[in-house]
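# An overview of the molecular structure
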Amino acid sequence: FINMTLTRQKYSTPKENRLIMRILGFLAVLCGVAAYIVLRGNIYQIICWILLIAIGLFALFYYDVINPSMIRKQAKNFYNFNKNAITSKTVRFYDDSFQINSDNYKLSVPKKFIYTAVESKTTILIYLDKNEFCFIPKRVFSEEQLKKVQDFVRSKNPDKYHENIK
């Protein structure tokens with residue numbers, strides 16, 4: 001879960017932005033060190049040069065060190081808060097129902113009690129109510145199995161099935 005969150009954050013920021021931030025950080029450190037060595041000055045100027053170096057180091061290491069550690073901390077807190085919801089599940093489809101086996105519970109759901117289902121390019125979400133859903137990645141199915149799952153969800157509930165393929 002944490003690695004997924006880190007990867008999503010990494011690829012949500014364009015490479016150009018990360019490169020510009022690193023270059024600006026390097027330039028700030030370089031200017032701060034050069035000004036500290038050459039210009040020295042009074043105590044206030046020295047504090048300004050040290051702050052410039054600190055800001056440059058922050059900008060230089062933000063995307064590689066600081067941001068990932070913040071995301072790890074947030075993801076751990078999220079996981080600890082929602083650990084009952086984030087579990088592995090096994091889903092089995094039968095003619096008129098499907099069964100979910102989890103670390104925490106076992107549930108058999110008749111087809112008519114599916115709240116709604118949404119299909120994207122990579123996943124199928126079967127909602128049991130507004131706040132609970134079963135996430136099924138398409139990559140775990142063969143083409144034939146995927147067709148059977150799609151038919152299962154559509155068969156008695158065509159109005160509850162939404163394709164959101166992007």
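The structure contained in this document is the topic of the report that follows. Residue numbers run consecutively from 1 along every chain, following the written order of its sequence. This being a predicted model, a pLDDT of at least 70 is required before a residue's local features are given, and a value of 80 or more before pairs of side-chain atoms are given or counted; all residues contribute to the totals for chains, interfaces and linings. Hydrogens and waters are ignored; side-chain quantities use all the structure's heavy atoms.

## Quick notes on the packing of aromatic side chains
- In this analysis, rings of Phe, Tyr and Trp, with Trp reduced to its six-membered ring, are considered paired at centre separations within 6.5 Å, and the interplanar angle assigns stacked below 30 degrees, edge-to-face beyond 60, and tilted for intermediate values. Under the criterion given, the structure shown has 4 aromatic pairs.
- Arranged with centres 5.1 Å apart and planes meeting at 70°, the rings of F93 and F152 form a pair that is edge-to-face. Linking F93 in strand β1 (residues 89–93) with F152 in helix α4 (residues 143–155), this pair joins segments that are 59 residues apart in sequence.
- By relative accessible area, which is 25% here, F93 ends up partly exposed.
- Note on exposure labels: buried denotes an accessible area under 20% of the residue type's maximum, exposed denotes more than 50%, and partly exposed covers the range between, all computed with a 1.4 Å probe on protein chains only. Note on F152: relative accessible area 6%, which makes it buried.
- An aromatic cluster is defined as three or more aromatic residues linked by ring pairs; in this entry it consists of F93, F98 and F152. For the purposes of this entry, the term helix denotes a DSSP run of H or I that reaches at least four residues, the term strand denotes a run of E that reaches at least two, and both are numbered from the N terminus.

## Comments concerning the nonpolar core
- By nonpolar core is meant a set of buried Ala, Val, Leu, Ile, Met, Phe, Trp, Tyr and Cys residues that side-chain atoms within 4.5 Å join together. The biggest cluster of nonpolar side chains holds 15 residues, and the ones touching the most others in it are F98 and I126.
- Elements supplying a minimum of two residues to this core: β2 (97–102), β5 (123–127), β6 (133–137) and α4.
- Take this core: its biggest share by element is 4 residues, from α4.
- Throughout, a residue-residue contact means that at least one pair of heavy atoms, one from each residue, lies within 4.5 Å. If sequence neighbours within four positions are ignored, I126 has contacts with F93, F98, I114, T116, A117, E132, F133, C134, I136 and V153.

## As for the layout of surface pockets
- In this structure, the second largest pocket encloses a volume near 210 Å³.
- Around the second largest pocket, the lining residues are F93, Y94, D95, K111, V140, F141, Q145, K148, V149, D151 and F152.
- For the lining of the second largest pocket, the element with the most residues is α4, which contributes 5 residues. In this analysis the probe radius is 1.4 Å and the grid spacing 1 Å, with only protein atoms considered; a cavity is a set of points the probe fits into but cannot get out of, a pocket is an open set with protein on both sides within 12 Å along at least five of seven lines, and lining residues have an atom within 4 Å of a point. Grid points are joined across faces, edges and corners, and a volume is the space filled by probe spheres set on the points.

Bear in mind that shape data such as this cannot, by itself, settle questions of function.
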